[in-house]
Amino acid sequence: MAFDFDQPINRYHTNCIKWDHMPEVFGPDLPDDPLALWIADMDFAVAPPIVEAMQKRLDHPVFGYTFPGPEYFQTCVDYIDRHYHWQVKSDWLTFCPGIVPALNMAVLTFTQPGDKVLSLTPVYGPFKAAVESHGRTFVSCALDLDDQLHASIDFDKLESLIDDSCKLLMLCSPHNPLGRVWTQDELSRLGEIVLKHDLYLVSDEIHADFIYSGHRHTALASLSPDLAARSITCYAPSKTFNIAGLAASILVIPNQEMRQAFEDFKGRMRYSGNLFAYTAMQAAWSACDDWLAELLVYLEGNRNFLHQGIQDRLPQLKATKPEGTYLMWVDFRDFAAERGHKTDQEISDFLVRQAGLALNQGSSYGLEGQGFMRVNFACPRARLAEVLDRLAKL
């Protein structure tokens, strides 16, 4: 079956954060036709099997308290094996209403006030927020960028930042916003550091399905039983299948004591589960592989189109060619210098008001992001052509 990812979908007036919330985020005086290329959800229709499963469940007229049954967890086990090549057990799994809540719960469960949590930056903003909002200290290890904006890890620098108060490594894999798919060698080095310094590991692998030609995702915790015993690995169908509004994620916690500690904390939060999240997640992970395969081909084409267009038409910009995710990290520093812009806010205001382009500010991912913007290319390709046209006119 061929799916039409070129079909434009009007998301206005659906309480959509990405489109309807732009005035609150970017200011009220926006152009008539702004393009939302910021928050990381896709502008594609949900896969048909998910809609069918939701409609079938709607035929039953009661939507009461619920729980995920054995079939649900077996679906998760099978999907993780099929797509991530990691054989996990169903009793290692726990449901959580999203990965960001899971990050916060993990910090509160496995660290104490004043402890340090380490991460590779620039990185997804809620990592730092999950640490600092609970009285812990966020320790940033800046990634190295070469002339092509390809990121690498300085392992000596990383290890030099670890002391006795550092308790947890928070990893983004594949990396948001830089689009790196970490190699097995890189992950092995990280694993050695985790074990050497007796750290807990929380690995956010929400983008693990978005892997482009020549690359392969590896779960860090899958590399050894010792690493698995110190780890929480976070997966979700929300990005892949465009169901972020249903708040669903699954955590792999092989260590029984860690899993019980996490479950105890989650229990104190009195979270009872989401019937439609379970329904959609089970359909996504059992019946949508064909849709996903076509999506990845389309997104890789989008990546190539946008990256080549920036190279050919916008010499004042430089962009990553992401190995994974549907997010492109674009260097606007020369562009800003030509126009006298000194802050990300000034760059953002100029882009949204002069070109109608709503992008994520790089500094929200850490100090290393100053002068960069993150572009979401999970949209019909014609929109990306419009983006390039608008930038070329500035």
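Our subject is the structure that appears above.
The rules behind each value
- Residues numbered from 1 in each chain as written.
- Predicted model: local features only at pLDDT ≥ 70, side-chain atom pairs only at ≥ 80, totals over all residues.
- Heavy atoms only, no water.
- Buried < 20%, exposed > 50% of the residue type's maximum accessible area, 1.4 Å probe, protein only.
- Helix = DSSP H or I, 4+ residues; strand = E, 2+ residues; numbered from the N terminus.
- Pairing = 2+ DSSP bridges.
- Right-handed = clockwise from strand over helix to strand, strands pointing away.
- Axes fitted to C-alpha atoms, helices over the stretch in contact; angles between N-to-C directions.
- Contact = heavy atoms within 4.5 Å.
- Core = buried A, V, L, I, M, F, W, Y, C linked by side-chain atoms within 4.5 Å.
- 1 Å grid on protein atoms, 1.4 Å probe; cavity = no way out; pocket = protein on both sides within 12 Å on 5 of 7 lines; lining within 4 Å.
- Points joined across faces, edges and corners; volume = space filled by probe spheres on them.
- Nonpolar A, V, L, I, M, F, W, Y, C, P; charged D, E, K, R; others polar.
- Phe/Tyr/Trp six-rings, centres within 6.5 Å; stacked < 30°, edge-to-face > 60°.

A. Spotlight on the pairing of strand β3 (residues 116-121). Among the six residues of β3, five are classified as buried, and the element is accordingly described as predominantly covered. Here β3 pairs with strand β4 (residues 137-142) via six bridges, running parallel. Each bridged residue has a counterpart across the sheet, and for L118 the counterpart in β4 is V139. Tracing the backbone out of β3, into helix α6 (residues 125-132) and back to the parallel element β4 gives a crossover that is right-handed.

B. A look at the sheet that holds β3. Judged by pairing direction, the sheet is mixed, and its seven strands sit side by side in the order β2-β10-β9-β8-β7-β3-β4 without closing on themselves. In the strand order of this sheet, the two ends are held by β2 (93-96) and β4, each with one partner. Strand-to-strand twist in this sheet, taken as the mean axis angle between neighbours without regard to direction, amounts to 25°. Each of β3, β4, β7 (166-172) and β8 (200-204) is contacted by α6, which is oriented at about 150° to β4, the strand it contacts most.

C. Representation of the nonpolar core in the model. With 76 residues, the main nonpolar core has I50, Y235, F241, L299, Y326 and F332 as its most contacted residues. A total of nine residues in this core trace back to one element, the largest contributor, which is helix α11 (residues 275-287). Apart from the residues lying within four places of it in its own chain, the contact partners of F332 are L317, I347, L351, L359, G371, F372, M373 and L391.

D. Local environment of empty space enclosed by the protein. Here the structure, examined in full by the defined rule, presents one cavity of 30 Å³ or more. Looking at the largest cavity, its volume works out to about 60 Å³. Lining of the largest cavity is provided by L306, I310, L317, V330, F332, L359, V375, V387 and L391. Those elements giving two or more residues to the lining of the largest cavity turn out to be α12 (289-313) and α15 (381-392). Here the lining of the largest cavity is composed, by residue class, of nine nonpolar, no polar and no charged.

E. Representation of the packing of aromatic side chains within the structure. Across all of its chains, the model carries 23 aromatic pairs by this definition. With a centroid separation of 5.3 Å and 70° between ring planes, the pair formed by F5 and F44 is classed as edge-to-face. One end of the pair, F5, is in the segment before α1 (17-20); the other, F44, is in the loop between β1 (35-36) and α3 (48-58), with 39 residues separating them in the sequence. Owing to a relative accessible area of 6%, F5 belongs among the buried residues under this scheme.

F. Examining unusual backbone geometry more closely. Residue P122 follows T121 across a cis peptide bond; omega there is 5°. The step from N176 to P177 runs through a cis peptide bond, and the omega angle for that step is 25°. Take P177: it is sitting in the loop between β7 and α8 (184-196). For L149, which is not glycine, the phi dihedral falls at a positive 65°.

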